[in-house]
Amino acid sequence: MKKEKGQYGYRNSIRRMRLWITGILAVAILAQVLARFLTDNPSAKNILTVMAILTVLPMANMASPLLASWRYRTPAETFYQKVQPYESVCVILYDLILTTKEYVLPMDVIAVHPNGVYAYCTAVKKDKAKAEKSLNDLFTANRLEPKVKLIWEENSLWRRLECLKPADSFTDDGTVEYVVSLLKSLSM
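Each value, and the rule that gives it
- Residues numbered from 1 in each chain as written.
- Predicted model: local features only at pLDDT ≥ 70, side-chain atom pairs only at ≥ 80, totals over all residues.
- Heavy atoms only, no water.
- Helix = DSSP H or I, 4+ residues; strand = E, 2+ residues; numbered from the N terminus.
- Rg over C-alpha atoms; globule rule 2.2 N^0.38 Å.
- Buried < 20%, exposed > 50% of the residue type's maximum accessible area, 1.4 Å probe, protein only.
- Contact = heavy atoms within 4.5 Å.
- Lys, Arg positive; Asp, Glu negative; His and termini not counted.
- Charge placed at Lys NZ, Arg CZ, Asp CG, Glu CD.
- Pairing = 2+ DSSP bridges.
- Axes fitted to C-alpha atoms, helices over the stretch in contact; angles between N-to-C directions.
- 1 Å grid on protein atoms, 1.4 Å probe; cavity = no way out; pocket = protein on both sides within 12 Å on 5 of 7 lines; lining within 4 Å.
- Points joined across faces, edges and corners; volume = space filled by probe spheres on them.
- Nonpolar A, V, L, I, M, F, W, Y, C, P; charged D, E, K, R; others polar.

Engineer: Please explain the overall build of the protein chain as it appears in this structure.
Structural biologist: Looking only at helices and strands, the protein chain has six helices and four strands in total. Put simply, the protein chain runs from its N terminus to its C terminus through helices and strands in the order α-α-α-β-β-β-α-β-α-α. In terms of C-alpha radius of gyration, the protein chain reaches 21 Å, well past the compact-globule figure of 16 Å for 188 residues. With respect to the principal axes defined by its C-alpha atoms, the protein chain has extents near 75 × 35 × 30 Å. Taking all 188 residues of the protein chain together, 41% fall into the buried category. Here the contacts in the protein chain between residues at least 6 apart in sequence split such that 64% fall between residues at least 24 apart. Of the side chains in the protein chain, 25 bear a positive and 18 a negative charge, and the two mean positions are spaced by 8 Å.

Engineer: Please explain the sheet that holds strand 3 (residues 116-121) as it appears in this structure.
Structural biologist: Each strand in a sheet pairs with another by means of backbone hydrogen bonds, the pair being arranged parallel or else antiparallel. Pairing in this open sheet of four strands is mixed, and the strands run 1-2-3-4 from one edge to the other. One side of each edge strand has no neighbouring strand; the edge strands of this open sheet are strand 1 (91-99) and strand 4 (148-151). For this sheet, the mean angle separating the axes of adjacent strands, direction not counted, is 30°. Together, strand 1 and strand 2 (104-113) form the strand contacts of helix 1 (residues 10-38), whose direction differs from that of strand 1 by roughly 45°.

Engineer: What's the story with the layout of surface pockets in this structure? I'm lost.
Structural biologist: To find the voids left in a structure, one rolls a probe of water-molecule size over its atoms. What the largest pocket holds in volume is close to 390 Å³. Lining the largest pocket are 25 residues; nearest its centre among them are His113, Pro114, Asn115, Thr175 and Val176. Of all elements in the fold, only strand 2, strand 3 and helix 6 (175-186) reach the threshold of two or more residues within the lining of the largest pocket. The element best represented in the lining of the largest pocket is helix 6, accounting for four residues.

Engineer: Mind showing me how you'd approach empty space enclosed by the protein here?
Structural biologist: Applying the stated rule across the entire model yields two cavities of 30 Å³ or more. Roughly 120 Å³ of internal volume is contained in the largest cavity. If you go around the largest cavity, you meet 13 residues; those closest to its centre are Arg11, Ile14, Ser69, Ile97 and Met188. Among the elements of the structure, helix 1, helix 2 (42-68) and strand 1 are those that each provide at least two residues to the lining of the largest cavity. A total of five residues in the lining of the largest cavity trace back to one element, the largest contributor, which is helix 1. Residue composition of the lining of the largest cavity, by class: seven nonpolar, two polar and four charged. If you go around the second largest cavity, the residues you meet are Leu98, Ile110, Val117, Ala119, Leu135, Phe139, Val148 and Leu183. Taken together, the elements giving at least two residues each to the lining of the second largest cavity come down to strand 3 and helix 4 (128-141). Its residues assigned to classes, the lining of the second largest cavity shows eight nonpolar, no polar and no charged.

If you want it as C-alpha cells, here you go:
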C-alpha cells in the first residue's frame, strides 16, 4: 500500500520505491552500455549511447533525494502509538523531510494547530534558531504568519502536545489546511 506524504511510514515507503526505481534504471543503463559493445553497427552504437545518456537523467532524479534522505528512517511503531491520540487535537503529519535553502530537516512529527506549527526534528546537529528562521521565512513568503517552533527533545514534544487545546475550539479560516499543503510541498 502506497503511503502519502504526512502518513506514518512514508519515509521507509518512499525509500523502498526510490531504491527499486534507481536499481531498475541502473540495470537498464548497464544493459544499454553492454549492448553497445556487443553490436558492430555504428548507428546502433550511437542510438544505444544516447539511450544510456537519457536514462541517466531520471536515475539521477531518483537517486539524489534517496542519497539526501538515506539516514532518516521512520520512527518506531511505539512512537507513532504515543502520538496518535493527539490527532484529535490538531492535524498531525508524520515522516516529512523539509528542505530549505540551507537545511534538510527530518521531522518525525509536525503538529499543525491554529496557534502554530510544532515540529519535532531529529537533526540535533543543526542550528535551531537559523533553522526556525529559515522555515518562518518560507511561511512569510507564502503569506502565513511565522509560527514554526522546532522541538529537538522528545520530552519537550510530549509537553507541547499535552498543552494544546482542541483545534475545534478555534475559528477555522482555512489556514491549517493551507499550512498542511505547504509543509507537504516543502517535503522531499
